[in-house]
Every structure is written in C-alpha cells, then in structure tokens.
Amino acid sequence: MGGAEARQARRVAAGELYGLPLEEFTRARDALARRLREDGDRAAADAVRALPKPTVAAWAVNQLARRHLDDVAALLDAGAALRTAHERLLAGERDAGLDEAAAAERAAIVRLVGHARALGASAQTLERVAQTLHAAAGSEEVRDALAAGTLAREQAPSPLAGLGLGDGGAAA
C-alpha cells in the first residue's frame, strides 16, 4: 500500500475507532492493526497502530460530533459568522455583526457542553471540552477534526483565531 492509501486507511480507521467507547479504543486499534498486518498490509497496520488514544475531553468532543450533529453544525456556522464579522470589522465596517456572531458561538458551546455533561464528564473535562469547541470555531484544522469526530487531544483556542491572522490550533 502506498502513502496515499495508508493515509486513507488511517482516516477510515480513525473515524471508526474514535467513535468507540473510550475503554475499547486501544484493544480495537491494536486488533485492527494486527489484522491488517496479517493481511500483509504493513503500511496501513503501522498507520492504524500510530493512532493515539484520545484524551477524555477529546473523546467527549468526538461523541458530540457523532451524536449532536445539528449543534455541532450550529457551532461551526457560528464560528464562520464570527470570522466573517472579524474580517468586516478589520475592513472598517461599523456594524460587522460581531456581537451576534459571538453570542451564537457561546450559545452553541453551552448547548454542546450540556450534552458533554450528560456523558458524565467531570467539571475539568467540561472546561477542556468548551476550550476545544471554541478552538474549533476558530481553526480550520480543529474544525475539520471536530466535523470528522477524530480529535485525539483537547485543543486551546488561539488569541488570533477568527481574525484572519493565524489558525486557532493544531488538531491531532
């Protein structure tokens, strides 16, 4: 299997593995890597084996991406509106819609954190979930990982996120 095929195998495996209950991740990842190796697909096996077990906060966010699609879409839409409002403000527009966009982002995060609370997340994990969701609203890379439900670790928002001056985080 070539590099592109191994990357595709990793994406498919990540999509499946990061949706599992957290306690099943390592066993399922290792079993899949073993099967791929036994089938002679060493590159894919290595790619799957390299997938890190998600942190508790990242796992919770991945579950939100799978179980609460409408609320995640609302967050991503609010993040896009916030980025647009920042760009308009930087271009000199007085009523750029910044307050409304920020309020929509906060409301989406509050709803999603409520869903994470229902998963049994601790207060500390809920704070990390909220930070990761905020980072996703401002970072294309984190947004993509959230939309796919394949975050491996929590993310912190960048102070430059949404300003068009830098990306809001590096997803894993």
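Residues numbered from 1 in each chain as written. Predicted model: local features only at pLDDT ≥ 70, side-chain atom pairs only at ≥ 80, totals over all residues. Heavy atoms only, no water.

1. Remarks on the pattern of salt bridges
Turning to step 1, where the next piece is worked out: Counted according to the given criterion, the structure contains 6 salt bridges.
Turning to step 2, where the next piece is worked out: Close ionic contact of Arg-49 with Asp-30 constitutes a salt bridge, the shortest N to O distance being 2.5 Å. On the criterion of sequence distance, the pair formed by Arg-49 in helix 3 (residues 42-49) and Asp-30 in helix 2 (residues 25-38) is long-range, its members being 19 residues apart.
Turning to step 3, where the next piece is worked out: Judged by relative accessible area, which is 17%, Asp-30 ranks as buried.
Turning to step 4, where the next piece is worked out: With a shortest N-O distance of 3.9 Å, Glu-154 and Arg-128 are connected by a salt bridge. Taken together, the residues Glu-154 in the segment after helix 8 (140-148) and Arg-128 in helix 7 (residues 123-138) connect sequence positions 26 residues apart.
Turning to step 5, where the next piece is worked out: By relative accessible area, which is 23% here, Glu-154 ends up partly exposed.
Turning to step 6, where the next piece is worked out: When its relative accessible area of 33% is taken as the criterion, Arg-128 is described as partly exposed.
Turning to step 7, where the next piece is worked out: Counted as one network, the salt bridges with shared partners bring together Arg-29, Asp-30 and Arg-49. (Salt bridge = Lys/Arg side-chain N within 4 Å of Asp/Glu carboxyl O. Helix = DSSP H or I, 4+ residues; strand = E, 2+ residues; numbered from the N terminus. Buried < 20%, exposed > 50% of the residue type's maximum accessible area, 1.4 Å probe, protein only.)

2. Structural notes on helix 7
Turning to step 1, where the next piece is worked out: With 16 residues, helix 7 extends 23 Å between its outermost C-alpha atoms, agreeing within 8% with the 22 Å of an ideal straight helix rising 1.5 Å per residue.
Turning to step 2, where the next piece is worked out: Along helix 7, the residues classified as buried are Thr-125, Leu-126, Val-129, Ala-130, Thr-132, Leu-133, Ala-135, Ala-136, Ala-137 and Gly-138.
Turning to step 3, where the next piece is worked out: Those residues of helix 7 that are buried are in contact with helix 4 (56-67), helix 5 (69-90), helix 6 (98-118) and helix 8. (Expected span 1.5 Å × (residues − 1). Contact = heavy atoms within 4.5 Å.)

3. Some details on helix 4
Turning to step 1, where the next piece is worked out: Here helix 4 spans 16 Å end to end across 12 residues, near enough to the 16 Å set by a 1.5 Å rise per residue.
Turning to step 2, where the next piece is worked out: Burial analysis of helix 4 places 9 of its 12 residues in the buried class, which makes it a mostly covered element.
Turning to step 3, where the next piece is worked out: Of the residues making up helix 4, those classed as buried are Ala-57, Ala-58, Trp-59, Ala-60, Val-61, Asn-62, Gln-63, Leu-64 and Ala-65.
Turning to step 4, where the next piece is worked out: Residues of helix 4 that are buried make contact with helix 5, helix 6, helix 7 and helix 8.

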